[in-house]
Amino acid sequence: MALLSTIFDILSAIAIYYTQAVPVWINYFLAAMYFMLFKTVTFVYFVYMLTIIIRNHRLKKWEIVVCTFPFFVEETLILTTYWTGFIYSFDANKMFVHGPLLFVIHLTSFIYIVLALGCTIKYRNRLTTIQRGAVYFYTVAILGSMIFQNLNRNYLVMEFATALSLLLIYLSLENPENYEDKILGTLNHLAFTEILSVYFEKNTPFEILGIQIQGMQYVSETFGVEQSAGIMKKISEYLAARDKHLKLFYISKREFALVGSLPKEHWNVIIKDIRERFKYPFTYNDMNANISGLFCMTAYPENVGTMKDLFDTINYGFVEAKKLGGDITVFASTALVAEGRREYQILQILKQALLEERFEVYYQPIYSSSKKRYKCAEALIRLKDEKFGYISPEEFIPIAEKNGLILDIGELVFRKVCEFMSRERIWEKGIRYVDVNLSVVQCMQKDLHKTLLAIMDEYHLEYQYIAFEVTETVAVVSSDMLHSNMRALLDKGIHVSLDDYGTGFSNTASLIQFPFTAIKIDKSMLWTAMESPKAMSALKHIIAMIIDMDMAVIAEGVETQEQADLLTEWGCHLHQGYFYSKPLCEELFLEKIK
Ligand code: C2E
Ligand code: CA
Ligand code: CA
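My aim in this report is to walk through the structure given alongside it, one point at a time.

Conventions we followed
The residue numbering used here restarts from 1 in each chain and proceeds along that chain's sequence as written. Chain letters and ligand numbers both follow the written order, the letters beginning at A and the numbers at 1. Thresholds applied to this predicted model are a pLDDT of at least 70 for local features of residues and 80 or more for the giving and counting of side-chain atom pairs; totals over whole chains, interfaces and linings are not thresholded and use all residues. By convention in this description, side-chain values take in all heavy atoms of the structure and omit both hydrogens and water. Only nitrogen, oxygen and sulfur atoms within 2.8 Å of the metal, or 3.2 Å for Na, K and Ca, are treated as donors, and water is left out, so sites may look incomplete. Helix numbers and strand numbers start at the N terminus; a helix is a DSSP run of H or I with at least 4 residues, a strand a run of E with at least 2. A helix is expected to span 1.5 Å multiplied by its residue count minus one. Here's how the labels work: a residue is buried when its accessible area is under 20% of the maximum for its type, exposed when over 50%, partly exposed in between, all with a 1.4 Å probe on protein chains only. The reported arc concerns the directions from the helix axis to the C-beta atoms and nothing else. Contacts are assigned to residue pairs that have any heavy atoms within 4.5 Å of one another. Each axis is a line fitted through C-alpha atoms, taken for helices only over the stretch in contact, and angles between the N-to-C directions span 0 to 180 degrees. Our angle categories are set so that under 35 degrees counts as roughly parallel, over 145 as roughly antiparallel, 65 to 115 as roughly perpendicular, and the remainder as oblique. Whether a crossing is left-handed or right-handed is set by the direction in which the near helix is turned from the far one by less than a right angle, anticlockwise for left-handed and clockwise for right-handed. Pairing of aromatic rings covers Phe, Tyr and Trp, the last through its six-membered ring, and needs centres within 6.5 Å; plane angles under 30 degrees mean stacked, over 60 mean edge-to-face, and all others mean tilted. Under the convention adopted here, Pro, Cys and the residues Ala, Val, Leu, Ile, Met, Phe, Trp and Tyr are nonpolar, Asp, Glu, Lys and Arg are charged, and Gly plus all remaining residues are polar.

1. Looking at the coordination of the calcium ion (ligand 2)
- Those donors, Glu378 (OE), Asn437 (OD1), Glu469 (OE) and Asp499 (OD), are the protein atoms that reach the calcium ion (ligand 2), and they lie 2.1 to 2.3 Å from it.
- Along the chain, the residues that donate to the calcium ion (ligand 2) are spaced as E-x58-N-x31-E-x29-D.
- Between the calcium ion (ligand 2) and the calcium ion (ligand 3), the interatomic distance is 4.0 Å, and Asp499 donates to each metal, bridging them. With Asn437 in strand 13 (residues 433-437) and Asp499 in strand 15 (residues 495-501), this pair connects stretches of sequence that are 62 residues apart.

Here you go:
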């Protein structure tokens, strides 16, 4: 537009110079073309700025009308000036004469420039410093040159100022580098959102394969940042060369996305290829890095409907893929997103339940097969919601852990246990102590022991009536903290046992390293022992080992007489399970132990 308007400006100047030799309608025509195009530049500039600033937001009809109205008015005025002479005319000597409404078209330009400037200032945080600078420069240059040219009619500087400012805007706003990851040279997150939002807007179907690179943490910790960047670049180059129909984006730290529209079989081949390739190391500077990947696929419009859905879906796809061990490509869909929403909803329920202290504590008695009576019990949290019904702690505890809510929930549970025990004095009813579960997050708190002791003091509960259970994850994740907390608790005579032994790491080192007084064998171990002779042998020897190490051993998930008998035979006398009793509410629990 700017180029064309400049050409017409020159042609018009020439025509006016040779005015006597040229028919007057040509003068009108050239001047009209010049004015119309020149005014279009300002208008387009305004629309363009608006597009950048508001991005995906759609303007309402009336907003579009208001924005375009002045433009059409001025263009119409220019077009009709041949007949009206409102904007300009040529007098009897064929000299150019300003019309009475010339100020209108200057005014509209002025309005558009000021509007663009206003938007820029209002939404300044959506633009970079350079982008804002370009807008300010354009404003000053155009308005300045307008004034200058009006004072000095012989110098045609406005086109020059326009050209200069537009060049600057092009270089800053449309700088391709904005869309590129500096290190990898692939399209970045910004490019991803912009390109995909166009797909969504135009209903262009696409499939997307998300790949989260695993194992880079180790590479960067061991070999340094530069090496790890080099390896990432190799991976990125490999992925980019996969298929020329696919676009590669680096969407987040160590996360790539391949986007395109291909038949399903084709995608399967690509995924298989990449998985094959990931089995071999990537090499940079003679260093081999073994990495692996989590894969997740989704498609628009089948699986996702909006950009937000897309991000949620990919994220959940990765989480799901990780849960499944990485060997499975997760085809993420709305169902998976709904699960994500479920997590969100559960979080809200947890917050509310915490405010209303709606958590309940159930007690599952633990039977001693040597004493032939219930000896202790485990406190287990329960949450019932009107809409969701009963929510398993196995589902909500991890969510509470992610959000730190577990600290408050843990404290609430512990208060309830202390209150119940001192109220009912259940040690007088044969229950020696109650086990309370501690989450990893709780065990990462330096002052955990102080908090716990203070609550017991508050309810005047003797320390010996409480014991705690921690899982091995705690020992691995925050070994120092666990040590100091355990020591402080043991000093007061409070025992800590290791929960879920036989799942996860099952490290003998943690049995030796930490002063556990009891080990709880996970129910899965007992259950597999009933099915496989190998597992049975392992369980038998683990029980013997724990006894030999002078610790108590408790078996969980005892569901049959047969299991109970076998455990007793192997020397494990403490049994917890449905065979004896399910976890019970306070009332039923009291009845049971009676
Ligand atoms: P856990 O500590 O391993 O608790 C034992 C789980 O096994 C309980 O599930 C219990 O109901 C179940 N169970 C016991 N005997 C049997 C049996 O014979 N058969 C079967 N199928 N299951 C049996 P629950 O109550 O759903 O708790 C699940 C997990 O939630 C617990 O596993 C524990 O890790 C966590 N949890 C529960 N309450 C709390 C709490 O207050 N704080 C923390 N941090 N975690 C808790
Ligand atoms: Ca437990
Ligand atoms: Ca357990």
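2. Describing helix 11 (residues 264-278)
- Taking 1.5 Å as the rise per residue, helix 11 with 15 residues should run 21 Å; its terminal C-alpha atoms sit 21 Å apart, in good agreement.
- Along helix 11, the positions that sit buried rather than exposed are Trp267, Ile270, Ile271, Ile274 and Phe278. Looking down the long axis of helix 11, one finds its buried residues gathered within 95° of arc, a one-sided arrangement. What points out from helix 11, more than 90 degrees from its buried face, is the exposed set Glu265 and Lys272.
- In this structure, the buried side of helix 11 is in contact with strand 3 (206-214), helix 10 (225-240), strand 5 (255-260), strand 6 (282-284) and strand 8 (292-300).

3. A look at the packing of helix 3 (residues 61-79) against helix 5 (residues 102-122)
- With their axes 10 Å apart at the nearest point, helix 3 and helix 5 run at an angle of 155° to one another. Judged on the interaxial angle alone, helix 5 and helix 3 are roughly antiparallel. Seen from above, helix 3 lies across helix 5 with left-handed handedness. Judged by residue contacts, Cys67, Thr68, Pro70, Phe71, Glu74, Leu77 and Ile78 of helix 3 engage Val104, Ile105, Thr108, Ser109 and Tyr112 from helix 5.

4. Quick look at the packing of aromatic side chains
- The full count for this structure, using the stated rule, is 37 aromatic pairs.
- Measuring from centroid to centroid gives 3.8 Å for Tyr45 and Tyr138, while their planes differ by 25°, and the two rings are stacked. Residue Tyr45 is found in helix 2 (residues 24-54), and its partner Tyr138 is found in helix 6 (residues 129-151); the two are separated by 93 residues along the sequence. The same class applies to Tyr45 and to Tyr138, which are both buried.
- Relative to Tyr580, the ring of Tyr367 lies with its centre 4.6 Å away and its plane at 20°, an arrangement referred to as stacked.

5. Some thoughts on the packing of helix 10 against helix 11
- Closest axis-to-axis distance for the helix 10/helix 11 pair is 11 Å, and the angle between their directions is 155°. Taken together, the axes of helix 10 and helix 11 lie roughly antiparallel to each other. Once helix 10 is placed against helix 11, the crossing between them reads as right-handed. Residues Ile235, Tyr238 and Leu239 of helix 10 lie in contact with helix 11, whose contacting residues are Asp273, Ile274, Arg277 and Phe278.
- Classifying every residue of the contact of helix 10 with helix 11 by side-chain character gives five nonpolar, no polar and two charged.

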